[in-house]
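For reference, the chains in residue letters:
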Amino acid sequence: MRKWLARLAALGVALLVVSQGQVALAQDPAAGKKVIRVGATQAVDSMNPFLAVRLVSSQIHRQMYSFLTIPDHKTLQPSPDLAESWSSSEDGLTWTFKIRETKWSDGTPVTAEDAAWTFNKVMTDDAAKTANGPAAENFESVTANGQELVIKLKEPQASMLENPIPIVPKHIWEKVDNIADFSGDEYPAVGSGPYIAVEHKKDQYVKLKANPDYWRGAPKIDELQVVFYDNPAASIIGLKNGEIDLIGRLNPPDYQSLAGDPNIVQWNQQGRRAAYLQLNHGATTTDGKEVGDGHPALKDQKVRQALHYAIDKDKLVAEVQNDLAKPAHGSIVPPMYTDFFWEATGDTKVTYDPAKANQILDEAGYKKGPDGVRTMPDGDRKLEFRFSIHTDTPIEDKLAEYLAGFFKEIGVTLTTKKLESSKFTEETGVTGLFDIAISGWSVNPDPEEVLATHLCSRRPTPSGEGGGTESFYCDDTYEKLYQEQLKELDRGKRADLIKQMQERLYTDAPVIAIYYPNDLEGYRKDRVASITSVPEQDGILYGASSFWPFYSLEAVESSATAEEGGSNTGVIVGVVGAVLILGAGAFFLSRRRKSVADDRE
Amino acid sequence: MTAPLEAAEPAAAQAAGPADDHRPARRGLLRYALTKAGGALLSIAMVIVATFFLFRLLPGDPVRNLAQGRNMTPDQLDLERRRLGLDKPLVDQFFDFVGQTLRLDLGTSYEYKRPVLELIGQRLGPTLLLAGVGLVIAVSLGLWQGTRAGWRPGSRFDRFSTATSLLLWSVPTFWLGLLLLMVFGAWLKIFPSRGIESVDAPDGFGYVLDVAWHMVLPCLTLVGVVYAQYLLVMRSSLLDEVGQDYINVARAKGLRDDDLRRRHAVPNALLPTVTLVFMRIGFVVGGAVTVETVFSWPGLGKLFYDAISVPDFTLMQGTFMLITVAVIIMNTLADVVYHVLDPRVRSA
C-alpha cells in the first residue's frame with residue numbers, strides 16, 4: 001500500500017515536472033525565427049493537389065503552388081499570377097497565356113510546359129480529376145511553346161480566368177507513376193508559391209517555410225505552420241493560450257467567447273456564404289420523373305412566395321445569428337462580391353409582411369381550418385411542412401423554432417426533422433424526401449459553380465445517383481441565362497446575366513435566401529503585427545480564394561514578454577501542485593504506518 | 001458496464017461444482033485453447049461478412065458526400081463512382097471485398113486516397129499509447145481503491161472513493177475533457193489544447209517529455225471516466241470473499257490483516273476483474289473516439305468516426321475489422337487465462 005502511494009505521488013510529481021519543462025519548451029517554439037501558427041478545425045486529407053478536396057488542403061496548396069490567374073486581393077477581379085498576360089480569340093475558343101519567367105523552388109525554370117503538363121494530366125488521368133476535374137472538362141487541348149501556353153476550349157467559357165487548378169512542376173510530377181497512389185508527402189515540396197512545405201505530420205500539422213525566391217518577393221515571416229484541431233472548442237483555447245496565432249471560420253458562439261481577451265483581435269466581416277431554405281417544389285430526376293414525398297402545396301409558386309413574405313429576416317439575424325450576419329434581400333450570391341451581387345428592389349422585393357402572406361394564400365384558395373391551419377384548395381391536405389436540418393448544428397435548431405413561429409402566423413405548420421449529415425445530403429439532394437431544408441453555399445469570386453448547382457443536369461439520374469443539385473431546380477429561363485453567361489466574355493454584360501439568374505431564383509423561389517453569415521475569425525495581436533484580407537476592404541483571412549492574407553502576414557518582432565507571463569503562471573501552479581501532491585502522499589503514508597502499527601498490536 | 005455479467009460467470013462455474021481436478025491439466029488446456037481459437041476464427045469470418053453488409057446499410061452516397069460544397073459535374077461524379085467500384089452490383093463488390101481481405105489487402109480509403117492498412121498503421125501507435133497507458137492507470141487505480149474499499153465496506157474511504165468514481169463514471173466524457181481543457185488549458189495554461197506533440201517538438205528525451213506532457217489531460221479524462229468499473233467489480237468480488245469461512249479461519253490462525261487480504265482474499269476476488277481487463281485490452285485498439293476528438297489525438301477511434309460520416313466504406317471496414325478481431329482475440333485469451341487461473345472453470 002505504501003508503495004502504491006509512493007508511486008502515485010512520484011507519478012504526480014513526474015507529470016508536473018514534465019509539464020514545467022514543456023511549458024518552457026513550447027513557449028519558445030523556434031528561437032529567433034518569425035513563426036506564425038494558423039489553427040484549422042480540419043486535418044489535411046492529402047498533400048497531393050490532384051487528390052485533395054478539403055478546404056484546409058486547398059488553403060495550404062494555395063501557399064505552395066501558383067495558378068494561371070488569381071482574384072486580385074483588392075478588387076477580386078482576375079489578375080496575373082503565373083500567367084503574366086493573356087488574350088483570347090474572337091470566338092472565345094482559344095486562349096493564349098504568357099507564363100512568367102521565374103523559378104521553381106528547386107531552381108528549375110518555370111515554363112509553359114509545366115502548366116500544359118498539369119492541365120493535360122487533369123484532362124486525361126481519371127484520378128487526377130478528383131480535386132478539380134470540372135475545371136478542365138471544357139478543355140479541348142492544351143499545348144506549350146516556350147513560355148506560351150495555348151488552351152483550346154470546346155465551348156466558350158467566361159470563367160476561364162478563375163481556373164482553380166494549382167500548377168505543379170512537370171520535372172517532379174512526371175516521375176509519379178500513378179497519381180491515385182501518390183500521397184504528395186515528399187519534402188521539401190517543389191512549388192512556385194510564397195511558401196515551401198517542409199513537413200507534414202499526419203493529423204497534426206503542416207510546416208511551410210518562406211520561399212526566398214518567390215517572384216513577388218519573399219514573405220515577411222520565416223515559417224507558416226498550419227495546426228489541426230478536431231475540436232473547435234479546443235482551438236479557441238489554443239488561441240487564448242497562445243498555441244496558435246490565428247483561427248478562421250468560427251461559429252458565432254466561439255467567436256463571441258473571444259470577447260474581452262486583450263491580446264485577441266475579433267475579425268467580423270462580410271462573408272462569402274449565403275444561407276438559404278431549399279423548398280421541395282416538386283423534385284424530379286434528369287428524365288423528369290417525380291421523386292420523393294414533397295408536399296404538393298410547395299409546387300405552387302404562390303405558396304413559396306407567401307412563405308418568403310412570412311419570414312422576418314431581420315429578426316433571424318438578430319436572434320439566431322446574434323447579429324453576426326446580414327439579412328438577405330438578394331439570392332445565392334452574397335454582397336461581398338459587389339460585381340455579381342443582385343439585390344431586390346421595388347416591387348420584386350419581398351419584405352416581412354405576414355398580412356400580405358395571408359392575403360396571397362387566401363386568394364390562392366388555401367383556406368384556414370377550424371384549428372387555424374390552412375388546407376389545400378381541394379381540402380385534401382393540411383399545409384403541414386417538415387423542415388429538415390442537421391443533428392449536430394444547434395444554430396439550425398434555433399432557426400427552426402423561429403421559422404415555425406413565423407409560419408404559424410400564416411396558418412402553416414412547420415415540424416423539425418433532424419438528420420445526420422450523410423442522410424441529410426441524401427434526402428435533400430437525391431431522394432427528395434423533404435419539404436423545406438436548410439441549405440447554403442460558400443461562393444467563389446466567380447459564381448459560376450454555385451449557379452450550376454441549380455441546373456437541370458444536376459438533378460439525380462433515373463437510377464438514383466446524385467448529380468449535385470442544391471434545389472432540384474429545372475427552369476428554362478434559368479438554363480438559357482446560364483448558357484448565355486458562360487459565353488459572355490464582357491464582364492459587365494456577364495454580370496447582368498448572372499443578376500437576372502438570381503432574380504429568377506428570387507421570384508420563383510425554389511430557394512429563399514435568409515441571411516449571409518459573416519466571416520468570423522480571431523487572431524493574436526501580440527503575435528500577428530499585420531495581415532491583409534481578401535478583398536482588402538472588409539474581407540476574409542483564412543478561407544479566402546487567395547494566398548494573399550498569409551503572404552502579407554507580418555509577425556510581431558519580440559514576443560518574449562507575453563510568453564514569460566504564461567511560463568510563470570505555469571511554474572507557480574506546478575510548484576503548488578507538486579507541494580500538494582507530496583503533502584497528500586506524506587499524509588497518507590504516515591496514516592498508513594499508523595494503521596499498520598495498529599494492526600500489529 | 002459489462003461488470004455484472006462478468007461477475008456472474010465465476011459463480012456459475014462454481015455452481016457446476018468441482019468435477020475432477022486430476023485430469024492431465026496440460027492436455028486439457030491445449031484442447032480447450034484450440035477449441036476456443038477455432039471459435040474465434042469462426043467469429044472473425046462472420047465479422048468479415050457482417051462488416052460489409054452492415055456498413056452498406058448506412059445512408060448516404062460517399063461520392064456525393066465527398067463532393068459536398070464543391071464544384072462537381074454529374075460526369076465527374078459518375079467517374080468517381082466507377083473509380084471506387086461503387087457502380088458494380090453489391091454482390092460483385094462483396095466478392096471483391098472478401099477476396100481482397102483474404103489477401104490482407106484492406107483497400108484504399110475513399111477520402112484519404114491512401115491504403116487503409118497504411119492509415120491504420122499511422123494511427124495505431126498513438127491509440128495504443130493513450131488507451132494503453134489509460135488502461136494501466138485505470139486498472140491500477142480501480143483495483144487499488146476497490147480492494148481497500150471492499151475490505152472495509154462502509155468506511156470513510158469506501159464511501160468517498162465509491163462516490164467519486166461513480167460521479168466521474170456518470171460524467172459525459174467530452175464534458176469532462178472540455179472541463180479539464182478549460183481549467184488546465186485556458187485558465188492555468190499549463191497543458192496544451194491539442195495533439196500528441198508540439199509543432200516544434202524537441203528531439204530525443206525532450207520529445208518523450210513533450211508527448212508525456214500532451215498525454216496528461218487525455219489520459220486523465222480517460223482514466224476518470226472508466227476506472228469506476230474496475231473499482232466496483234473489485235470491490236464487490238472482494239466483498240463476496242470477506243464473509244467466507246476460509247477468511248475467518250485464516251484470521252483465526254492469526255494472520256495479519258494485510259497478509260490475509262493480499263494472499264487469500266484478493267487472489268480469489270481477482271477473477272472477474274481479469275476477464276474485464278482482458279476485454280478492455282481488446283477495446284484499447286479501438287481507442288476512445290470522444291477523448292481523441294476532444295484533444296485532437298491522432299488515433300484510430302477518430303479515424304473510424306470520420307470514416308462513418310463519409311461513409312468511407314473501405315476505411316470503415318478496415319478499422320472495424322481490426323477492432324473486432326482484437327476484441328475477439330482478447331476474449332479468447334481471457335477464456336484461456338481464466339482456465340489457467342481458476343481450476344473451477346476447467347471442469348465447466
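Read on for a plain summary of the structure. (Residues numbered from 1 in each chain as written. Chains lettered and ligands numbered in written order. Predicted model: local features only at pLDDT ≥ 70, side-chain atom pairs only at ≥ 80, totals over all residues.)

## Focus: the overall build of chain A
Thought 1: Along its length, chain A carries 17 helices and 21 strands.
Thought 2: A burial count over chain A gives 51% of its 601 residues as buried.
Thought 3: Sequence separation of at least 24 residues holds for 69% of the intrachain contacts in chain A that already meet a minimum separation of 6. (Helix = DSSP H or I, 4+ residues; strand = E, 2+ residues; numbered from the N terminus. Buried ≥ 20, exposed ≤ 12 C-beta atoms within 10 Å, placed from the backbone. Contact = placed C-beta atoms within 7 Å.)

## Regarding the overall build of chain B
Thought 1: Along the backbone of chain B there are 15 helices and zero strands.
Thought 2: A principal-axis box enclosing the C-alpha atoms of chain B has dimensions of 85 × 55 × 40 Å.
Thought 3: By the burial criterion, 42% of the 348 residues in chain B qualify as buried.
Thought 4: In chain B, the proportion of contacts linking residues at least 24 apart, taken out of those at least 6 apart, comes to 75%.

## Details of the interface of chain A and chain B
Accessible area lost when the parts come together is the quantity often used to give the size of an interface.
Thought 1: If you look at the interface, chain A gives 63 residues, while chain B gives 61 residues.
Thought 2: Secondary-structure elements contributing two or more residues to the side of chain A that touches chain B are α1 (2-27), β10 (223-228), α6 (232-240), α12 (421-429), β17 (436-442) and α17 (560-600) of chain A.
Thought 3: Tallying contributions element by element places α1 of chain A first for the side of chain A that touches chain B, with nine residues.
Thought 4: Here the side of chain A that touches chain B is composed, by residue class, of 23 nonpolar, 24 polar and 16 charged. (Nonpolar A, V, L, I, M, F, W, Y, C, P; charged D, E, K, R; others polar.)

## Regarding unusual backbone geometry
Thought 1: Of note, the amide linkage connecting Y187 of chain A to P188 of chain A takes the cis form, showing an omega dihedral of -5°.
Thought 2: One can find P188 of chain A in the loop between α5 (170-173) and β8 (195-201).
Thought 3: In the segment running from V534 of chain A into P535 of chain A, the intervening peptide bond is cis, with an omega of -5°.
Thought 4: Relative to the assigned elements, P535 of chain A resides in the loop between β20 (528-530) and α16 (548-551).
Thought 5: Unlike most non-glycine residues, D538 of chain A shows phi in positive territory, near 55°.
Thought 6: As for its position among the elements, D538 of chain A is in the loop between β20 and α16.
Thought 7: The exposure class assigned to D538 of chain A is exposed, which follows from the 12 C-beta atoms found within 10 Å.
Thought 8: Positive phi, close to 60°, is recorded for L104 of chain B, a residue that is not glycine.
Thought 9: Here L104 of chain B is to be found in the loop between α5 (90-102) and α6 (116-151).

## Details of the sheet that holds strand β4 (residues 83-88) of chain A
Residue and element names in this part refer to chain A.
Thought 1: Read across the open sheet, the four strands follow the order β4-β5-β7-β6; overall the sheet is antiparallel. Single-partner strands in this sheet number two, and they are β4 and β6 (139-145). For this sheet, the mean angle separating the axes of adjacent strands, direction not counted, is 15°.
Thought 2: Note that strand β5 (residues 94-99) and strand β7 (residues 148-153) share five bridges and pair antiparallel. Among the inter-strand pairings, K98 is bridged to a residue of β7, identified as E148.
Thought 3: Contacting β5, β6 and β7, helix α3 (residues 112-124) runs over the sheet at an angle of about 155° to β6. (Pairing = 2+ DSSP bridges. Axes fitted to C-alpha atoms, helices over the stretch in contact; angles between N-to-C directions.)

## Structural notes on the packing of helix α10 (residues 245-252) of chain B against helix α11 (residues 257-284) of chain B
Residues and elements named next belong to chain B.
Thought 1: Interhelical geometry of α10 versus α11 gives an angle of 150° and a closest axis separation of 11 Å. On the basis of the axis angle, α10 is roughly antiparallel to α11. The handedness of the crossing between α10 and α11 comes out as right-handed. In this structure, α10 uses Y246, I247, A250 and R251 to contact α11, whose residues at the interface are L260, H264 and A265.
Thought 2: Across the contact of α10 with α11, the residue classes tally to five nonpolar, one polar and one charged. (Parallel < 35°, antiparallel > 145°, perpendicular 65-115°, else oblique. Left-handed = near helix turned anticlockwise from the far one by under 90°.)

## Here we look at the sheet that holds strand β15 (residues 384-390) of chain A
Residue and element names in this part refer to chain A.
Thought 1: The six strands are arranged β14-β18-β13-β17-β15-β16 in an open sheet whose pairing can be described as mixed. Edge positions in the sheet fall to β14 (325-327) and β16 (413-419), since each of these pairs with one other strand and no more. The mean inter-strand angle of the sheet, taken between neighbouring strand axes irrespective of direction, is 30°.
Thought 2: Of the strand pairs in this sheet, β15 and β16 are connected by seven bridges, and their pairing is parallel. Its bridge partner being in β16, R386 is matched across the sheet by T415.

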